[in-house]
Structures are given as structure tokens and as C-alpha cells.
Amino acid sequence: MSLDSITLYLVATMIAALLGAMLVFFGKQENSPALKWWGCAYLLGATSVAVWTAAGDKLGPHLYLAMNAVGFVACGMVWNAARVFHGRKPNWPGLVIGALAWAAAVTMLDPAASTLRMMIGAGIVSVYAALTASELWVERRKSLQRRWPAFVVPVMHGCVLMLPILIGSFLKPNDPSFATSIWVTVFAVELVLYAVGTVFVIFMLVSERTVTAHRTAASTDPLTGMLNRRGFSEACSRVIDREAKAGRPVTVMIFDIDHFKSINDRFGHPAGDEMLKLFSTVVVTNLRISDLSGRIGGEEFAALLPCSLEEGVLVAERVREAFEMSGVVVDEAPVDTTVSIGVAGGPAGTELEVLLASADTALYQAKRGGRNRVEAAEELPLSLENWRRQSAAKIGAPRPQTVTA
């Protein structure tokens, strides 16, 4: 059964136009500039192909050239949409350089050199497809298993469009039989598949980013930008498991800003919020990139370091000194910026609950000892139940609650 190439191209343009309208609609609904770019590119490309297919011979040389140039601009918009999606600025020169290159080539070439024009046009589109693939590939944090369609679809599109360059000597656009040749049919079918496949990739990427944003929001403290208690606990569990496999110890520290309630009472909650932001900055600045930190409640922060207890105490002292030297002034009055810190360490595989409980007890001792100091707990046993039994035997009573003001 033979397929009419004109019908295939018209079907492709209708599908592209429908998908473009859908992308623009969802772009407005979700306030996503990238979706709007993609949608407008589809609409522009569909218009160009539709006019070129339906009235190619009747357009005249100048209008025919313009319609082809519009198609190359649409390809540039697809590339820029991928850039915008990853937070980069649109490349305005790149948007039109393909169209300008096409116009320059057609103007300088012999009108009879239709095969060469086709090869140049296919090459321009292939370059845009490769640029789009590289932009969609750029998020290296994504696993290969989940992002491979974002790379494969535009690469396959570029490979199909490179066929005219590789087999250009076999293509004869001036031949009356060319319009019904297998190559025109292949290009038309590929155009339909590319239009549908690209939209699938777009929605896959947008959906994945939305899920990631919601997951991040659920595990992040909105005031300081640090992990919240839930996010900190989940991240620490992964690090502890990783360090346990390597047989390395971990250390947990809990920070509590001294007299934080009095800061709120004297200067107001906005000043208190600024103090929390300042302390979060001090913590992050004085920890390594491999360390974890989070705000686990009120003025209480925590950190997990893949290191020994002795190293953890040194880091805690560095944080304490840096915060004390902050020199905060509110309403021309100096504000004491001190913090009490409890540090606890354990052998490889020590449970997070054990470390936090022991660090909390050490923090209580630091506050009882005069605040603005670091207290280290004793080395811990591996099991939470063993720690509880040993702790109860030592103090003969339930663990005291942390003093927070």
C-alpha cells in the first residue's frame, strides 16, 4: 500500500499544531516559559510546513524562501525552549542564524541545485536537533535510565535528517517521481513520530521536575533553605548506610541558639528570623560539602559528618566561634550570638536515633554548663536498645529534655 506524501505531511502539521496549542495552553496554566516556547515552535513549524506543502508551487520564490526560513526559526525555538527549561537565557542570535544561513545559501546557489539546497536544509535542522539533545542531556543529576528518551528522540531526528547529506547523490528532487519516492514517505512519517515523541519527552521532563520540586519543598525548611527534620533524617539514613558499608564512623551534632526567645522578645520575630538565617549560613559555610545539616525545629539545628568524634568536636568549635564573632547589631544594640552544641559519635552503622539522643543529652549538659560551649558525649554502642539500657543504668532516670531558651 502506497502512502501519499502530501497527505502525510498535512497529517503531521495538524498533529504538530494540535500539540503546539496544547503546550501553549499548559504553559499558561503552569506559568512555564519553556512550555510556551515549545508550543509556539510547534505552531510556527506547523504553519510553515502546511503552507509549503499545500501551496509550494504557487508561493513564488521569495515567499517560498520565507516559509522555509520560518521553519528553521521554529527549529531554533525548540532549541531555545530546552535552554529556558534548564534556566538558561534564550540564545537570540542562534534563533535566527539557521534561517539566515539558509537564505544566504539559497541566494548564492544555482536555482537548479535543488539537491544541494535540500542537503543544506537537512544539515541545519540536524544541527538544531543536536543542540536540543545536548541541552536536554545537560542535567547530569538525572539517572541515565530515566533521561535517555530526552537524548535519543532529537538524536534520531537529526540522524534521519542527515540522510539527504549521506545519500545526496541518490536524491533527485527535480525528478517527477521524487514526490512519491520512499525517502519523502520516510521523512513524512519521521516528522509525525518526532512531533509526538518530543511532546512525550517534554511532558516527561516537566512531570519529573514537578515531582522533584514537590519532594524538595517537603524536605526543605522555607526560612533557611536547609533540610527540615524529615529531609535531614532521610538524608542521614542514606549517608549512615553508605559509611557503614565502608566501615567508617559518623558524628552527629545538635546546635541550639542561646537565649533565642529573648531575641524574639526584645527585637521581634523578624530579627529572630534573620538570626536563624545567619546561623544557617554559618553552619553551611563551616561544614564540608559532604556533610549534612538541617533545621530540626525552632532554633535547633543538626548536622551529620562522616568523621570521628574528635574531628566532629573540632568542627563544632569552629562553628561556635564563627557564630560568636558574627557581631550582629539590631537597632544600634549588639546582640549576643552564641550557640550551645552537643556532639555524639559512634562506630560504623550506629543508628541515627542513638546519635541524636546522645547529642541531645550532650547539648543539655552544654546549657547546664553555662552555654556557648561544645560538649561531647561518650562513644556510643551500636544498638539503640543497648544505649537506652546503659543510659538508664548511669542516670537512673529518663533522659532529661533539652533546654531551649
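None of these values were measured; they are calculated from a predicted model.

Visitor: Teacher, can you tell me more about the overall build of the chain here?
Guide: On a plain count of helices and strands, the chain comes out with 13 helices and seven strands. In the chain, the proportion of contacts linking residues at least 24 apart, taken out of those at least 6 apart, comes to 72%. On the chain, roughly 21,000 Å² of surface is accessible, and the fraction owed to carbon and sulfur atoms is 63%.

Visitor: When you look at the confidence of the model for the chain in this model, what are you seeing that I'm missing?
Guide: Caution is warranted with low-pLDDT regions, since their predicted coordinates should not be read in detail. On average, residues of the chain score 79 in pLDDT, and 76% of them reach the 70 mark or higher. The secondary structure element of the chain with the lowest average pLDDT is helix α6 (residues 144–166), at 51, and the one with the highest is strand β3 (residues 300–305), at 96. Note that pLDDT drops below 50 for residues 140–145; the model gives that stretch six contacts with residues more than four away or on any other chain. Between residues 161–171, whose pLDDT stays under 50, and residues either more than four places distant or in other chains, the model counts 21 contacts.

Visitor: How do you make sense of the pairing of strand β6 (residues 339–346) when you look at a structure like this?
Guide: The side chains of a regular strand alternate, residue by residue, between the two faces of the sheet. Taken across its eight residues, β6 has eight buried, putting it largely inside the fold. The pairing of strand β1 (residues 250–257) with β6 spans eight bridges and is antiparallel. Following the sheet pairing, F255 is matched in β6 by I341. Here three bridges tie β6 to strand β7 (residues 374–376), and the two strands are oriented parallel to one another. Each residue of the ladder has a partner; that of G342, found in β7, is E375.

Visitor: Looking at this structure, how should I read the sheet that holds β6?
Guide: Here we have five strands laid out as an open sheet, ordered β2-β3-β1-β6-β7, and mixed in their pairing. Strands at the two margins of the open sheet, each flanked by one partner only, are β2 (292–297) and β7. Put simply, the sheet's adjacent strands are angled 20° from each other on average, direction ignored. Contacting β1, β2, β3 and β6, helix α10 (residues 269–286) runs over the sheet at an angle of about 155° to β1.

Calculation criteria
- Residues numbered from 1 in each chain as written.
- Predicted model: local features only at pLDDT ≥ 70, side-chain atom pairs only at ≥ 80, totals over all residues.
- Heavy atoms only, no water.
- Helix = DSSP H or I, 4+ residues; strand = E, 2+ residues; numbered from the N terminus.
- Contact = heavy atoms within 4.5 Å.
- Areas by Shrake-Rupley, 256 points an atom, 1.4 Å probe, with all protein chains shown as cover.
- pLDDT = per-residue confidence, 0-100.
- Buried < 20%, exposed > 50% of the residue type's maximum accessible area, 1.4 Å probe, protein only.
- Pairing = 2+ DSSP bridges.
- Axes fitted to C-alpha atoms, helices over the stretch in contact; angles between N-to-C directions.

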